[in-house]
Amino acid sequence: KHVCERETEEFVNRTETGSDVLRHFSTTSQVCDESETAYKCRMVQENIDGRKEVTIIYECCHGYTRQKGDFGCPQKVSLMSLLEKAEELGLTDFVKAVKTLKLTKEFEKGNFTVFVPVNGAFSLDSDLLDSGAGIILRDAPAVIAVSEPAIDKALKSLQNAILSHMVDGAFKSSSIEDEQLLKTGSPEDTTIRVNYFSKPEKLMTANCVPVISRDHMATNGVIHSVEKVLKPVTQTLLDIVQSRSELSTLKTVLAAANYVSTLDQDGHLTLLAPTNAAFESMNAGLREKLLNGDRACLEKVLQNHLLPNVICTAAIQGQARTVNKLDRYANLTRSEDDKLFVDGAQIIQPDVMATNGVLHIIDEVLVPEEALSIQDLLEKTNYTEFLSLVKKAGLSKTLETQSSVTVFVPTNEAFQELPIAVKTKLNEDDELLRNVLTYHISPAVQECHRLHDNQQIPTLAGTDIRINSYSSFPYHHQGVKTAQCSSIVETNIDACNGRINVIKEVMMPPKGNVIDILALNKQYSTLVSLVKRAGIADALQGEGPFTVFAPTNEAFEKVGKETLETLEKDADKLQELLRRHVVEETLCCAGIFKRHWFDHSHVRTLAGDHLKLSRDKENRPKIGHALISKCDQTATNGNVLEIDRVLMHEPPRPRWWFNRFSHWDDFFEP
């Protein structure tokens, strides 16, 4: 009842033509919003021909209104002029100001949208009016002891203030879009930016001033009541920064990062602007690096201070968050004593409006991790063991000056759990230490999610790191990615000059191929002897990758001397046995998961056997029935896993359920 429908349609043709296949492709999205007096839906459809936008608004017809819970718009309202409506709403200060300026007739000549401040908003406030204005407002037309020029100046200032609250045309809130700029009647070409917020409660703002009641219809326009006076907005964000002495350091930073044009263009940004004192209070070394360092790092700092939408502080209640230009969350807080904070920095002057957004002045510089160097980030995230070894090896400058690198950083626990003999060697041999550390640095930024199984990436040590991916079957409920068989436990921690991936173990540069690894350990002398006798050593020195399940000499002794002698005399059987201990892939201990009833993980050996992968009750990895007694002796072409028994051929066991129910066939015999 008394509900009117308005529909608008806009179509934008695409200038470029696509393939015929794309002509069958389209996307449709719909967003609806409801207020007390309107229901609005916007549908956007895009295809190869263009973009079509349809907006449908259901709202109370002119002269009718509704209360929450009403069916339709049953309440008829008496229409009157804008000034009469303002009087009825109790907005008498505004009416008095209009009459003081003798603008009554102008208000009756056309349709206007007026954002009217509540009573008490017009005061002796120098923020709005110049000297004498308050006397005029309170005592006009009787003015005492005020010069004529002062009166004229005050009247002109008041008139500009009134006109900066007026927009030509009648705009209900349902007709105004979020982030829409409305041009006012002020001769200074001021604008009013309207924003809508849905959380923590629905809020409409005009130049970040809360609209406390809206859509009051008059015969010649509409009134929206605002909480306080709207200050004239004529400057861009850049103009504001350049005009304020307390932001001079920020001005310098913007120029150094070539970010000046960004803040001078049309848009709807929120700038968190640190004061000069905020920059001065930074760590001196970090400030020097940022101001005189890589422009890309400085850009990341600025992006951390820019939000892609206008966020007014009136919308901040308790704790909230929003995404910034760095695609990180900025945490916004209003404390119990009504102080405002963003990521710990206090907002000391909020809601400075610009034509292309809003500026909040803050008392700290918000330096994101992405803007720190790798060394600074390692220190901040407390990877002290790796960092101290970097300094000991004289690699600090290398790590500081290298750009676009990926560092695989072992945890502090990884270094602490190294065997004492290894720690001693690293402590005494600087060349070995440098070789180990540079093996953890790749001279390119590696996107961890793009690293695929068996991919090899270069390092500063000159030896590649092999990446492997493992997951349990069939639901991939467990998964791990490894670098040289060390589990990657945290990925893609971005720094200014590269990226950090955290790994669970220290990676040692491989000392050769799998045959070399076996030959270096006397525990595998029997296996090496048999491999050479069988003539497969050359094959295992190929590109690979190979994983060798290496029984120890003790494990071969358990087989028995007679069995070994028999195998040595039969080349085919010996080869078959040895090939049962090799798989043509890289298998790391991290890729062996506990078995579940639905999990049938296994590997296929070169002999064609399928060996089960599992872990025992103590979480020790197993291959078939053999226990892996030593994990991950990595090689340039694969890995060596030490096992405690020789993998002899075992005929497949019949399934218990088949044996138990095979006698059921008797029931079906004729």
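Everything discussed here concerns the structure shown above.
What you see is a predicted model; the values in this text were computed from it and never measured. (Residues numbered from 1 in each chain as written. Predicted model: local features only at pLDDT ≥ 70, side-chain atom pairs only at ≥ 80, totals over all residues. Heavy atoms only, no water.)

**Quick look at the packing of helix α7 (residues 248-256) against helix α10 (residues 295-303)**
To describe two helices that pack against each other, one gives the angle between their axes and the distance between the axes. Taken N-terminus to C-terminus, the directions of α7 and α10 make an angle of 130°; their axes are 9 Å apart at the nearest point. Between α7 and α10, the interaxial angle falls into the category oblique. By crossing handedness, the relation of α7 to α10 is classed as left-handed. Here α7 contributes Leu250, Val253, Leu254 and Ala256 to the contact with α10, which in turn contributes Arg295, Leu298 and Leu302. Here the residues of the contact of α7 with α10 are counted per class, giving six nonpolar, no polar and one charged. (Axes fitted to C-alpha atoms, helices over the stretch in contact; angles between N-to-C directions. Helix = DSSP H or I, 4+ residues; strand = E, 2+ residues; numbered from the N terminus. Parallel < 35°, antiparallel > 145°, perpendicular 65-115°, else oblique. Left-handed = near helix turned anticlockwise from the far one by under 90°. Contact = heavy atoms within 4.5 Å. Nonpolar A, V, L, I, M, F, W, Y, C, P; charged D, E, K, R; others polar.)

**Comments concerning the packing of aromatic side chains**
As enumerated under the stated definition, the model contains three aromatic pairs in all. Here phenylalanine 94 and phenylalanine 107 contribute two aromatic rings whose centre-to-centre distance is 6.1 Å and whose plane-to-plane angle is 80°, an arrangement assigned as edge-to-face. A residue pair is termed long-range when its members are at least 10 positions apart, and phenylalanine 94 in helix α2 (residues 92-100) and phenylalanine 107 in helix α3 (residues 104-108) qualify at 13 residues. Of the residues examined, phenylalanine 107 reaches a relative accessible area of 3% and is grouped as buried. With a centroid separation of 6.3 Å and 55° between ring planes, the pair formed by phenylalanine 107 and phenylalanine 112 is classed as tilted. Among the residues examined, phenylalanine 112 registers a relative accessible area of 15% and is labelled buried. (Phe/Tyr/Trp six-rings, centres within 6.5 Å; stacked < 30°, edge-to-face > 60°. Buried < 20%, exposed > 50% of the residue type's maximum accessible area, 1.4 Å probe, protein only.)

**Some points on the pairing of strand β25 (residues 479-483)**
In terms of residue burial, β25 counts as a mostly covered element, since four of its five residues are buried. Where strand β24 (residues 465-471) meets β25, five bridges bridge the pair, whose relative direction is antiparallel. Looking at the pairing, serine 469 lines up with lysine 481 of β25. Two strands pair when backbone bridges link them, and β25 and strand β26 (residues 486-495) are joined in this way by two bridges, in the antiparallel orientation. (Pairing = 2+ DSSP bridges.)

**So, the state of the cysteines**
If you walk through the whole model with that rule in mind, you get seven disulfides. The side chain of cysteine 297 participates in a disulfide bridge whose partner is cysteine 496; the two sulfur atoms lie 1.1 Å from each other. Residues cysteine 297 and cysteine 496 share a disulfide whose torsion about the S-S bond is about -60°; that sign makes it left-handed. Linking cysteine 297 in helix α10 with cysteine 496 in the loop between β26 and β27 (498-503), this pair joins segments that are 199 residues apart in sequence. (Disulfide = S-S within 2.5 Å.)

**Focus on the packing of helix α18 (residues 525-534) against helix α22 (residues 571-579)**
The interhelical angle for the contact between α18 and α22, taken along N-to-C directions, is 130°, at an axis separation of 10 Å. Overall, the two elements α18 and α22 adopt an arrangement that is oblique. Crossing handedness for the pair α18 and α22: left-handed. Two secondary-structure elements touch here, α18 through Leu527, Leu530, Val531, Arg533 and Ala534 and α22 through Leu574, Gln575 and Leu578. Residues that form the contact of α18 with α22 fall into these classes: six nonpolar, one polar and one charged.

**Observations concerning a nonpolar patch on the surface**
Where nonpolar side chains cluster on the molecular surface, the patch consists of Val3, Tyr39 and Tyr58 and spans about 260 Å² of accessible area. Within the secondary structure, tyrosine 39 is located in strand β3 (residues 38-47). Using a relative accessible area of 35% as the deciding quantity, one classes tyrosine 39 as partly exposed. (Patch = residues over 30% accessible without salt bridge, like charges linked within 9 Å, V, L, I, M, F, W, Y side chains within 5 Å. Areas by Shrake-Rupley, 256 points an atom, 1.4 Å probe, with all protein chains shown as cover. Salt bridge = Lys/Arg side-chain N within 4 Å of Asp/Glu carboxyl O.)

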